[in-house]
Amino acid sequence: MTVEESPSQETLAVDGQMLRRLVQAGRDWLDQHHAQVNQLNVFPVPDGDTGTNMLMTMRNALQEAGTYDGNHVGQVAAKIAHGAMMGSRGNSGTILSQIWQGFAHALRDHATFDSELLARALREASDTAYRGVIKPVEGTILTVAREAAEEAEAACTSHRDIADLMDRIVQRAKDALARTPEMLPILQKVGVVDSGGSGLVYILEGMAQSLRGKQIEIPAAAPAAVEDLAAALAPEDELGYGYDVQFIIKGRNLNVGVIRSAIDAMGWSTLVVGNDQAVKVHVHVHDPGIPLSYAVSLGTLSDIVVENMQEQYQDYLRERTASANPSDASEEIVPAFELGEDDIGVVAVASGEGLARVFRQLGAAELVMGGQTNNPSTQEILEAIQRVPTRKVIVLPNNKNIILAAEQAARLAVDQDVIVVPTRSMPQGISALLPYDPQGDLTVTARTMEQAKDDVVTGEITTATRSVELNGVEVSEGQLIGLVDGALSAAGNDLEQVVRTVLEHMHADEHELVTLYYGNGMDRAEVEALVSALSKVYDSLEFEIVFGGQPHYHLILGAE
Amino acid sequence: MAKILVMTDSTCDLPADWVRQYDVRIVPTYVQFGLESLADDGVQLTRPAFYQRLTASQHLPTTAAPPLGQAVDVLTKALQDADHVVAITAPALLSGIHSIFKLAAEQTDPARVTVIDSQMVSMGLGWQVVEACQMAQQGASPEDIRARLVAMQPLTDVYAALDTFEYLRRSGRVGWAAAILGGFLQVKPLIRLHMSVVSSQGRVRTRERAFEALVALVHEVAPLSRLAVLHTANPQAAQRLAQAIEDIYPPDSPVPIVEVTPVIGVHVGPNALGFGIVRAEQPNSTAD
């Protein structure tokens with residue numbers, strides 16, 4: 001080996017073979033952490049592939065370095081730079097390849113490098129990276145590269161030992177990385193440091209460790225890349241992934257909303273669903289004792305599952321992917337639109353918490369809870385209208401008995417222009433909300449929404465509260481009854497039979513999609529079984545199951 | 001007459017016979033399933049195989065701009081074969097391809113390369129490539145071509161009806177779509193790409209209504225000078241859409257039916273339907 005080594009194991013110069021080893025260590029350290037780097041990826045595009053792109057760039061760089069077995073550091077660096085350029089992927093990979101380009105250019109005529117030349121090479125690496133970007137943004141990999149260079153320049157004369165100098169550089173790069181959220185607001189907002197910067201820190205750190213003689217071991221089964229941004233935002237901090245805790249609380253008068261916010265404050269990935277007698281909780285926490293002691297104060301617990309997520313992480317990812325599909329996932333909903341004063345805001349009446357979430361998802365600014373058996377008052381609707389931060393408001397009463405109160409509230413809201421679109425059912429309200437355009441003209445938008453409400457036929461399944469004969473249908477108290485657009489159409493004791501009669505009256509076979517909003521009294525599995533039976537009869541019809549959470553109505557159906 | 005070649009990236013969706021006819025130089029973009037990186041060159045990644053895999057895959061694949069070295073290679077070759085290269089790219093606002101083409105130009109012969117941001121993808125970009133090729137054949141200068149494309153861009157749109165919001169939401173490339181959390185209710189968004197910006201054009205719940213909405217939209221923006229029907233793994237519906245809008249076919253331009261590149265497919269998902277158009281210039285029109 002031609003590297004000068006003093007008796008105290010100082011590294012005063014790095015030759016080609018050593019550079020190859022260092023870069024290999026940098027790649028390996030990045031390889032071990034690329035999934036974490038992917039998780040941080042929110043800028044410029046949050047698609048969770050920064051770590052992957054940087055790793056592929058590094059792999060290609062090393063592969064190319066392997067085609068030259070000489071010891072000239074300038075030639076090895078040139079190979080690395082060429083390989084990085086040919087293998088670079090994505091923004092971060094491109095910038096990384098520019099870093100190697102500048103680095104190699106500074107070393108091109110040198111057989112080895114010392115501290116001072118390393119500083120010059122890092123400076124040129126940083127300058128080349130900045131030049132390669134049309135609009136350089138601070139708080140990114142560029143900042144980390146630049147501050148690493150600045151540190152090297154400041155410390156190279158006092159740190160002849162390259163291992164010492166690299167330690168300083170890594171420390172400074174980490175400091176710079178930690179400050180990226182102060183420079184780039186999106187990072188602050190999401191609560192992460194920059195992903196590309198983090199990838200560069202891993203590369204430098206791997207190189208520094210190699211200089212200290214540490215071997216970087218590649219685990220036999222490298223962790224799979226994480227590609228799910230939603231899951232990726234779960235905090236994997238110094239405490240690790242924590243525990244996945246699930247249980248069911250059984251009790252009386254349980255308040256799902258209150259439980260959800262309490263549980264949510266204890267951890268992340270919260271899922272709380274249920275009714276006033278049973279609530280299912282799913283949460284990720286560092287200390288499983290906290291949610292369990294809280295829950296035991298509310299009722300009796302059953303079906304308790306506590307899993308260590310380090311082991312379960314892959315399963316967890318699969319579960320999250322599944323829960324991205326329409327389901328009972330109870331995440332807080334970001335309103336679909338940010339409304340300005342001159343926009344149109346929508347107030348919708350919702351008869352259950354699931355329906356409320358659907359209306360929120362589709363852009364309703366304010367909700368009034370209520371429905372068939374608990375009509376909201378004019379006052380409640382008026383207050384909701386006044387809470388909307390816009391001058392123009394559209395109200396969706398979503399029940400024929402609420403239309404009048406809504407119109408009254410509209411007249412009383414003297415400071416705002418209010419139009420009531422007279423929707424008579426929850427599915428009509430949802431259908432009306434689809435073409436809602438907050439920036440549209442109030443009258444035109446209201447007319448479009450009014451037309452859209454008739455795109456859907458509504459069916460409802462509930463329990464008869466008294467015996468009656470109506471529309472030729474005979475009903476005894478306690479039986480299931482089915483209504484189509486408000487008219488009694490079916491009665492019986494068998495749910496599937498009643499639903500089938502209702503679907504016939506809805507002319508379901510002439511439609512494409514039937515959405516089933518299931519109420520508080522039913523669970524999803526029951527509805528799934530029902531749908532699988534119905535699918536055999538209606539083979540060209542699509543069914544979608546949505547948690548409605550409405551009281552009294554086992555099912556609300558919308559056919560369109 | 002100086003010879004001009006046109007270079008672009010694989011998001012242009014230009015039908016293969018036109019690529020041959022005009023000798024367009026195409027740099028592939030990449031789709032990545034985890035650490036497996038596949039070039040969108042019709043060899044490593046075919047469209048039917050991709051859409052099948054997209055539906056089956058648990059995690060969304062990601063997309064990546066081509067390596068700079070690859071762009072440099074394609075450009076170097078084109079500069080050997082022509083006096084000047086006009087390089088037209090996907091929107092700089094949505095992709096890194098534009099910066100890579102610019103870097104490639106700087107590393108070769110900047111004076112002989114004109115890099116233009118098309119502000120478009122798919123046939124919105126493809127029609128600009130066709131225009132540039134036709135102008136080059138007629139002896140236009142690179143500056144004439146740039147001026148023409150810049151004038152054409154405000155008239156160029158891609159409209160699409162997506163089968164689900166999920167892919168667009170999870171791709172992270174469209175701010176307003178990313179803000180919408182996992183759907184409680186499936187909706188099919190209608191979207192428009194215009195001047196690098198993806199905007200919402202409405203939402204429907206059934207394929208039939210999505211189809212009707214698209215037909216209505218294209219009639220609203222007619223007359224057209226260019227029209228291509230686009231789809232992702234949805235050839236029959238694309239045929240039907242093409243038939244439903246026969247009355248507004250542009251008079252002097254073919255109407256290709258194009259299966260959209262996987263690189264865009266990752267962001268919009270399968271079973272999408274749409275069109276890439278250039279509106280006819282109307283004297284004294286106030287339409288944007």
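Residues numbered from 1 in each chain as written. Chains lettered and ligands numbered in written order. Predicted model: local features only at pLDDT ≥ 70, side-chain atom pairs only at ≥ 80, totals over all residues. Heavy atoms only, no water.

**Topic: the sheet that holds strand β1 (residues 4-9) of chain B**
The strands that make up a sheet pair up through hydrogen bonds in the backbone, lying either parallel or antiparallel.
All names here are of chain B.
Then, number 1: Pairing is parallel in the open sheet, where four strands are placed in the order β2-β1-β6-β7. This sheet does not close on itself; its edge strands, each paired only once, are β2 (25-27) and β7 (113-117). Direction aside, the axes of adjacent strands within the sheet are offset by 20 degrees on average.
Then, number 2: Inspection of the sheet shows β1 paired to strand β6 (residues 84-89) by five bridges, in the parallel sense. Counterpart to Met7 in the pairing with β6 is Ala87.
Then, number 3: Seen against the sheet, helix α3 (residues 68-81) touches β1, β2, β6 and β7 and runs at an angle of roughly 170 degrees to β2. (Pairing = 2+ DSSP bridges. Helix = DSSP H or I, 4+ residues; strand = E, 2+ residues; numbered from the N terminus. Axes fitted to C-alpha atoms, helices over the stretch in contact; angles between N-to-C directions. Contact = heavy atoms within 4.5 Å.)

**As for empty space enclosed by the protein**
The gaps left among the atoms become clear once a water-sized probe is rolled over them.
Residue and element names in this part refer to chain A.
Then, number 1: The final tally for this structure, using the stated rule, is seven cavities of 30 Å³ or more.
Then, number 2: In this structure, the largest cavity encloses a volume near 170 Å³.
Then, number 3: Along the walls of the largest cavity sit 14 residues, with Ile99, Trp100, Leu122, Leu200 and Leu204 positioned nearest its centre.
Then, number 4: Every element with two or more residues in the lining of the largest cavity is listed here: α4 (90-107), α5 (115-131), α6 (141-155) and α9 (195-211).
Then, number 5: Of the residues contributing to the lining of the largest cavity, the split by class is 14 nonpolar, no polar and no charged. (1 Å grid on protein atoms, 1.4 Å probe; cavity = no way out; pocket = protein on both sides within 12 Å on 5 of 7 lines; lining within 4 Å. Points joined across faces, edges and corners; volume = space filled by probe spheres on them. Nonpolar A, V, L, I, M, F, W, Y, C, P; charged D, E, K, R; others polar.)

**Let's talk about the pattern of salt bridges**
All names here are of chain A.
Then, number 1: Overall, the coordinates contain 42 salt bridges over all chains when judged by the stated rule.
Then, number 2: Residue Glu205 pairs with Lys174 through a salt bridge whose shortest N-O separation is 2.6 Å. Taken as a pair, Glu205 in helix α9 and Lys174 in helix α7 (residues 162-183) lie far apart in primary sequence, 31 residues in all.
Then, number 3: For Lys174, a relative accessible area of 32% corresponds to the partly exposed category.
Then, number 4: Where Glu496 meets Arg500, a salt bridge forms, and the shortest distance between an N and an O atom there is 3.6 Å. Linking Glu496 with Arg500, this pair stays in helix α19 (residues 495-505), spanning four residues, or about one helical turn. (Salt bridge = Lys/Arg side-chain N within 4 Å of Asp/Glu carboxyl O. Buried < 20%, exposed > 50% of the residue type's maximum accessible area, 1.4 Å probe, protein only.)

**Brief notes about the domain arrangement of chain B**
All names here are of chain B.
Then, number 1: Taken domain by domain, chain B consists of domain 1 (4-30 + 65-153) and domain 2 (154-279).
Then, number 2: Relative to domain 2, the C-alpha centre of domain 1 lies at a distance of 24 Å.
Then, number 3: In this complex, domain 1 contributes 26 residues to the contact, which on the side of domain 2 involves 26 residues.
Then, number 4: Put simply, domain 1 and domain 2 have one salt bridge between them.
Then, number 5: Arg226 is the salt-bridge partner of Glu131, the closest N and O atoms lying 3.4 Å from each other.
Then, number 6: Taken together, the connections running from domain 1 to domain 2 amount to nine residue pairs in polar contact (both at pLDDT 80 or more).
Then, number 7: For the side of domain 1 that touches domain 2, the secondary-structure elements that each account for two or more residues are α5 (122-137) and α6 (142-152).
Then, number 8: Per-element accounting of the side of domain 1 that touches domain 2 gives the leading share, eight residues, to α5.
Then, number 9: Broken down by class, the residue content of the side of domain 1 that touches domain 2 amounts to 14 nonpolar, 10 polar and two charged. (Domains from an automatic or database assignment. Polar contact = N/O pair within 3.5 Å; in protein donor to acceptor, adjacent residues only side chain to side chain.)

**Looking at helix α2 (residues 50-65) of chain A**
Then, number 1: For α2(A), built from 16 residues, the straight-helix expectation of 22 Å at 1.5 Å per residue is met to within 8% by its first-to-last C-alpha distance of 23 Å.
Then, number 2: Listed as buried for α2(A) are A:Thr50, A:Gly51, A:Thr52, A:Asn53, A:Met54, A:Leu55, A:Met56, A:Thr57, A:Met58, A:Ala61, A:Leu62 and A:Ala65. (Expected span 1.5 Å × (residues − 1).)

**Re the confidence of the model for chain A**
Close inspection of predicted coordinates is inappropriate for parts of the model with low pLDDT.
Residue and element names in this part refer to chain A.
Then, number 1: This prediction gives chain A a mean pLDDT of 84; 86% of its residues lie at or above 70.
Then, number 2: Here residues 1-7 scores under 50 on pLDDT; set against residues more than four positions off or in separate chains, the count is nine contacts.
Then, number 3: Low pLDDT, under 50, characterises residues 219-239; the predicted model gives this stretch 47 contacts beyond four residues in sequence or across chains. (pLDDT = per-residue confidence, 0-100.)

**Here we look at the layout of surface pockets**
Residues and elements named next belong to chain A.
Then, number 1: By volume, the second largest pocket amounts to about 870 Å³.
Then, number 2: When its residues are assigned to classes, the lining of the second largest pocket shows 12 nonpolar, 18 polar and five charged.
Then, number 3: For the lining of the second largest pocket, the domains that each give at least three residues are domain 3 (344-453) and domain 4 (457-559).

**What to know about the packing of aromatic side chains**
For any pair of aromatic rings, the description consists of the separation of the ring centres together with the inter-plane angle of the planes.
Then, number 1: Under the counting rule described, the total for this entry stands at seven aromatic pairs over all chains.
Then, number 2: Taken together, a centroid distance of 6.3 Å and an interplanar angle of 55 degrees make the contact between B:Phe33 and B:Phe50 tilted. Taken together, the residues span a long stretch of sequence, with B:Phe33 in strand β3 (residues 30-33) and B:Phe50 in helix α2 (residues 47-56) at a distance of 17 residues. The same class applies to B:Phe33 as to B:Phe50, namely buried.
Then, number 3: One aromatic cluster in this structure is built from A:Trp100, A:Phe103 and A:Phe113.
Then, number 4: Note that B:Arg53 overlies the ring of B:Phe33, its terminal NZ or CZ placed 3.8 Å from the centroid.
Then, number 5: Lying across the ring of B:Phe211, B:Arg240 places its NZ or CZ 3.9 Å from the centre. (Phe/Tyr/Trp six-rings, centres within 6.5 Å; stacked < 30°, edge-to-face > 60°. Lys NZ or Arg CZ within 6 Å of the ring centre and 35° of its normal.)

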